[in-house]
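# Reading the structure
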Amino acid sequence: MTTLNDSRSRPILADRVQSAKPSATKEMTRLANQLKREGRSIITLSQGEPDFPTPEHVREAGRAAIDRNESRYTDVAGTHALREAVVRKFARDNGLTFTPDQIQVGCGAKQVLYNALQATLNPGDEVVIPTPAWVSYPEMVQLAGGTPVIVRCDAATGFKITPQQLERAITPRTKWLMLNSPSNPSGAVYTYDELAALGEVLLRHPQVWIMADDIYEKIRYDETPFATPAAVTPALALRTLTINGVSKAYAMTGWRVGFGAGPLDLIKAMNLIQSQSTSHTSSISQAASIAALDGPMDFLPQFVKAFRHRRDFVVHALNDIDGVSCDLPPGAFYAFPSCQALLGRRDPSGAVMASDSDLAAYLLREGGVAIVPGSAFELPGYFRISYAASDEDLSEAMSRIAAACAQLR
Ligand SMILES: Cc1ncc(COP(=O)(O)O)c(C=O)c1O
């Protein structure tokens, strides 16, 4: 009998799909959901999204757009009104000057990153990715035919690439450096001086462009002003794509609105790519995003305060576990502890924790907590906990993780 997952259907798949990995964070969440359906009590700390409601004035703007019947196709690059709001955002928050033509709005920051790589990479082109990095960067580079050049940056440098590491990674084939600050998964934030030092290296290599993923800009815990590469080194602005969006700061992950700003020719090429895929993101979401960008930000300190409280609790609880150590991350909503001292230990059944992936599988199986192994972010020996979850879930999850780790010998 032929079944729908018959292996004979495989030859139709393209090579690029066969070599691509599914998103490890989504895979972990899928496994967790499967166990939940089987009746297990599972706490999911593998997904990176705020658990707060979207602010009321933004929801109201979405409802009003529906009632105005704003239900037609928009410009591929996004509505003019939203792109003007994005121009205002970059001027106000980042001191960057753009025209609406230099803005692309996509289905989340993710599509903007994807469009940029599709629009620029030829086979053999290299993209420098300091890791730990968001799981999608290397995969997106490969799907676009490029070669990810992974530069591992561990706790010793605060999970940040140094100018020396950057200099060593650049070759004549390097097309992009992908920088993400605050970082998913480490929470690292690049200071003005650190970006300036990286900028000096990049000034010597005119073939390298900078993709600055600032999606976690608003989720930071200290007073240091936010710095973004195009503002720190204006001479690099002509080869920088600055990416941001509403998902994280406004608790709008499902609305799917992200944006990028950069040189006109790059944005035009990205619009061409988008015009042949999604065309644009939802007209209703775009209308709501104008209200988000132009509206009051008084809800944000409460978001950040809640995240800070959870961060402090989680990091403290992690450091209380024998074999786990974690620095206090200055941004985003993830803790990225080292589990190197746990590797080599055995669980009660005698199975060895040979890797962070074994530990993640054990914590899900025995502890009922879904986390993501560091190797998914190209930095083995660590794991990521998203603390964008309720206080109750975090408290229960940390007890379970501690109990499960205590059983490793
Ligand atoms: C570093 C990073 N960039 C981009 C995104 C994508 O955000 P969006 O929801 O706007 O597509 C995420 C989402 O998890 C992220 O962690």
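Along each chain, numbering runs from 1 in the same order as the chain's sequence is written. Given that this is a predicted model, residues contribute local features only at a pLDDT of at least 70 and side-chain atom pairs are listed and counted only at 80 or more, while totals for whole chains, interfaces and linings are drawn from all residues. Only hydrogens and water are removed before side-chain values are computed, so all heavy atoms of the structure are retained for them.

Attention now moves to the pattern of salt bridges. Only one rule defines a salt bridge in this text: a Lys or Arg side-chain nitrogen within 4 Å of an Asp or Glu carboxyl oxygen. The tally for this structure, following the rule as stated, stands at 23 salt bridges. Note that Asp51 is salt-bridged to Arg310, the shortest N-O span being 3.0 Å. Of this pair, Asp51 sits in the loop between strand S1 (43-44) and helix H3 (56-67) while Arg310 is found in helix H12 (residues 300-319), placing the two residues 259 residues apart along the sequence. Taking the shortest distance from any N to any O, the salt bridge between Glu396 and Arg400 comes out at 2.8 Å. Note on conventions: DSSP H or I runs of at least 4 residues are helices, E runs of at least 2 residues are strands, and numbering of each starts at the N terminus.

Given a rise of 1.5 Å per residue, twelve residues ought to cover 16 Å, and the 16 Å separating the end C-alpha atoms of helix H8 (residues 192-203) matches this to within 8%. Three labels apply to residues, based on accessible area from a 1.4 Å probe with only protein chains included: buried if under 20% of the type maximum, exposed if over 50%, partly exposed otherwise in between. Of the residues making up H8, those classed as buried are Leu195, Leu198, Gly199, Val201 and Leu202. One side of H8 holds all its buried residues, which, seen down the axis, span an arc of 160°. Exposed residues lying more than 90 degrees from the buried face of H8 are Asp193 and Glu200. How far a helix is expected to stretch is found by multiplying one less than its residue total by 1.5 Å. In this context, the arc is that of the directions from the helix axis out to the C-beta atoms.

DSSP bridges decide pairing: two strands pair if at least two such bridges lie between them. Across the sheet, which stays open at both edges, the three strands sit in the order S9-S12-S11 with antiparallel pairing between neighbours. Strand pairing shows two members of the sheet lacking a second neighbour, strand S9 (334-335) and strand S11 (372-373), which therefore form its edges. By the bridge criterion, two bridges tie S9 to strand S12 (residues 383-386) in an arrangement that is antiparallel. Its bridge partner lying in S12, Tyr334 is registered against Ser386.

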